[in-house]
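Okay, here's what each chain looks like letter by letter:
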Amino acid sequence: MIRYAITDPAYYTDNPGNFKRYAKEVLARHRPDWIVLRDKKTQDYPELAYAFLSLKNCFPHIGFFLHTDLKLAHSLRAQGIHLASDQIADVALAKKMGLYTIVSTHTLQEAFRAERMGADAVTFSPVFESPGKGKPAGLEKLKEIRDKISIKVIALGGIVDDEQIRAVAKTGIDGYASIRRFVL
């Protein structure tokens, strides 16, 4: 099962050197399969992205993704991009750029659209209670999406412990993503 770490600026500073040390510790401790730099607060996302992607050589078996910025992901040679649900129309461009493409989805219709556009994977959220993310969709909805689309489905939202990971695994999904599961 894919383990997908999502960064959150609540757990690090926007200083590239400090962030790089933090990210390196997270990667060494948790060994996720994928990691995305998701930071909507920093004033200089490109500088933080450069520091983040400089870790690729230290962790060659981990996929490094940027969040929402297609041109930056392509120019800095990230392995992929994680698009927001309102960016589904950008999937074709991301694929043309050679980026592995993940799309955030919250409904079955969004998941279908992402699949039709050529996405490699979707995250579906929130599965469980997660701060500020509204009412959780639950495991049954997650399983419904897994059963109805053919691309990878990654559970997201409130996944913090082994019991939740076992529960989402029983739905047949391809992996789980989390912020809080992968903090120091």
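Turning our attention to the pairing of strand β8 (residues 175-178). The alternating pattern of β8 places G175 and A177 on one face and Y176 and S178 on the opposite face, and all of these are buried. Where strand β1 (residues 2-6) and β8 come together, 4 bridges link them in parallel fashion. The residue of β8 that forms the bridge with I2 is G175. Where strand β7 (residues 152-156) and β8 come together, 3 bridges link them in parallel fashion. Its bridge partner lying in β8, L156 is registered against A177.

With that settled, the discussion passes to unusual backbone geometry. In the segment running from S125 into P126, the intervening peptide bond is cis, with an omega of -10°. Assignment of secondary structure puts P126 in the loop between β6 (121-124) and α6 (139-148). For T68, which is not glycine, the phi dihedral falls at a positive 70°. Summarising the element assignment, T68 is placed in the loop between β3 (63-67) and α3 (70-75).

Okay, the sheet that holds β3 next. Reading around the barrel, the 8 strands line up as β1-β2-β3-β4-β5-β6-β7-β8 and close back on themselves, with parallel pairing between neighbours. Here the average twist between neighbouring strands, direction ignored, is 25°. Of the strand pairs in this sheet, β6 and β7 are connected by 4 bridges, and their pairing is parallel. Within the sheet, the bridge partner assigned to A121 lies in β7 and is K152. Against the sheet, helix α5 (residues 108-117) touches β5 (100-105) and β6, its axis set at about 165° to β5.

This next bit is on helix α1 (residues 16-30). The end-to-end C-alpha distance of α1, which contains 15 residues, comes to 21 Å, matching closely the 21 Å that a straight helix rising 1.5 Å per residue would cover. Turning to α1, its buried residues are P16, F19, Y22, A23, V26 and L27. One side of α1 holds all its buried residues, which, seen down the axis, span an arc of 130°. Tucked inside the fold, the buried residues of α1 contact β2 (34-37), α2 (45-53) and β3.

Criteria and thresholds
Residues numbered from 1 in each chain as written. Predicted model: local features only at pLDDT ≥ 70, side-chain atom pairs only at ≥ 80, totals over all residues. Heavy atoms only, no water. Buried < 20%, exposed > 50% of the residue type's maximum accessible area, 1.4 Å probe, protein only. Helix = DSSP H or I, 4+ residues; strand = E, 2+ residues; numbered from the N terminus. Pairing = 2+ DSSP bridges. Axes fitted to C-alpha atoms, helices over the stretch in contact; angles between N-to-C directions. Contact = heavy atoms within 4.5 Å. Expected span 1.5 Å × (residues − 1). Arc of directions from axis to C-beta.

As far as function goes, none of this settles anything; it's purely spatial.
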